[in-house]
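Chain by chain, the residues run as shown.
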Amino acid sequence: MSFEKAKKYLEEKGYADHIIELDDSSATVQLAAEALGVEPGMIAKTLSFLEGDKAILILAEGTARIDNHKYKEKFHTKAKMIPFEEVEYYIGHAPGGVCPFGIKDGVEVYLDESLKKFDTVYPAAGNDHSAVKLTIPELEAVAGADSWIDVCKE
């Protein structure tokens, strides 16, 4: 169901032809990179956090890690990832397929500056056997992001 929601969203935005359905799992950055034949950094991993009872998503370069100090500076609270078993409830996609496409209303999306190292990135498309090939300007256009932020470690 999540893949169908993401696919419908991408179709409505004119990006259906960017979806890649994979035979191999893309549930982790490493698996996605291997399945797509790209370096791990090019996987746009989507991290899900709780800000009180509100969910936010941060898309970051595949090998990037959250810098707790930068996160707290930006959001004025400690980084609290959504527990694995609650991700689908808050976001609308299960772990391994979390992406900013076809998500629940009210979820804020941010793009981390770490993504700008690459011309093309590959976020998931709603399940653990999919990806979307997007240039950075295309990602900006389709992700529905609130803004670019800098919350990852160098």
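Cut-offs used in this document
- Numbering of residues starts from 1 in every chain and runs along the sequence as written.
- With pLDDT at 70 or above as the cut-off, local features in this predicted model cover only qualifying residues; side-chain atom pairs require 80 or more to be listed or tallied, and sums for whole chains, interfaces and linings still use all residues.
- Think of the side-chain values as coming from all heavy atoms in the structure, minus any hydrogens and water.
- Where helices and strands are cited, they refer to DSSP runs of H or I of at least four residues and of E of at least two residues respectively, numbered from the N terminus.
- When we talk radius of gyration, it's over C-alpha atoms, and the globule rule is simply 2.2 Å times the number of residues to the 0.38.
- Using a 1.4 Å probe on the protein chains alone, a residue whose accessible area is under 20% of its type maximum counts as buried, one over 50% counts as exposed, and one in between counts as partly exposed.
- Whether two residues are in contact is decided by their heavy atoms: any pair within 4.5 Å suffices.
- The charged-residue count follows a simple rule in which Lys and Arg add positive charge and Asp and Glu add negative charge, with His and chain termini not counted at all.
- Every charge is mapped onto a representative atom, which is NZ of Lys, CZ of Arg, CG of Asp or CD of Glu.
- Think of it as the arc spanned by the lines of direction from the helix axis to the C-beta atoms.
- Side-chain atoms within 4.5 Å link the members of a nonpolar core, which is a set of buried Ala, Val, Leu, Ile, Met, Phe, Trp, Tyr and Cys residues.

Caption draft 1: Summary view of the overall build of the protein. Secondary structure summary: the protein contains five helices and eight strands in total. Going residue by residue from the N terminus, the α and β elements of the protein occur as α-β-α-β-β-α-α-β-β-β-β-α-β. Scaling as 2.2 N^0.38, a compact globule of 154 residues should have a C-alpha radius of gyration of about 15 Å, and the protein matches this with 14 Å. When the backbone C-alpha atoms are referred to their principal axes, the protein occupies close to 40 × 30 × 25 Å. Residues counted as buried form 50% of the 154 residues belonging to the protein. Residue pairs in contact within the protein that sit at least 24 positions apart in sequence constitute 63% of those at least 6 positions apart. Of the side-chain charges in the protein, 17 are positive and 28 negative, and the distance between the mean point of each set is 6 Å.

Caption draft 2: Layout of helix α2 (residues 29-36). Among all positions in α2, only V29, A32, A33 and L36 are buried. Along the axis of α2, the buried positions cluster into a sector of 100°, meaning they face one direction only. Of the surrounding secondary structure, the elements contacted by the buried residues of α2 are β1 (19-21), β2 (44-51) and β6 (130-132). One or two steps after α2, the chain reaches G37, where phi turns positive at roughly 70°.

Caption draft 3: A look at the nonpolar core. Membership of the largest hydrophobic core comes to 42 residues, with the highest contact counts inside it found for L10, I43, I91, F101, L115 and L139. Those elements giving two or more residues to this core turn out to be α1 (2-12), α2, β2, β3 (54-61), α4 (87-91), β4 (108-112), β6 and α5 (136-142). In contact with L115, not counting residues within four places along its chain, are A44, L59, A60, E61, V121, I136, L139 and W148. Counting residues in hydrophobic clusters, the runner-up holds 13 residues, among them A60, A64, F75 and Y110.

Caption draft 4: Geometry of unusual backbone geometry. Residue H76 is not a glycine yet carries a positive backbone phi of 60°. With respect to the helices and strands, H76 occurs in the loop between α3 (68-75) and α4.

As far as function goes, none of this settles anything; it's purely spatial.
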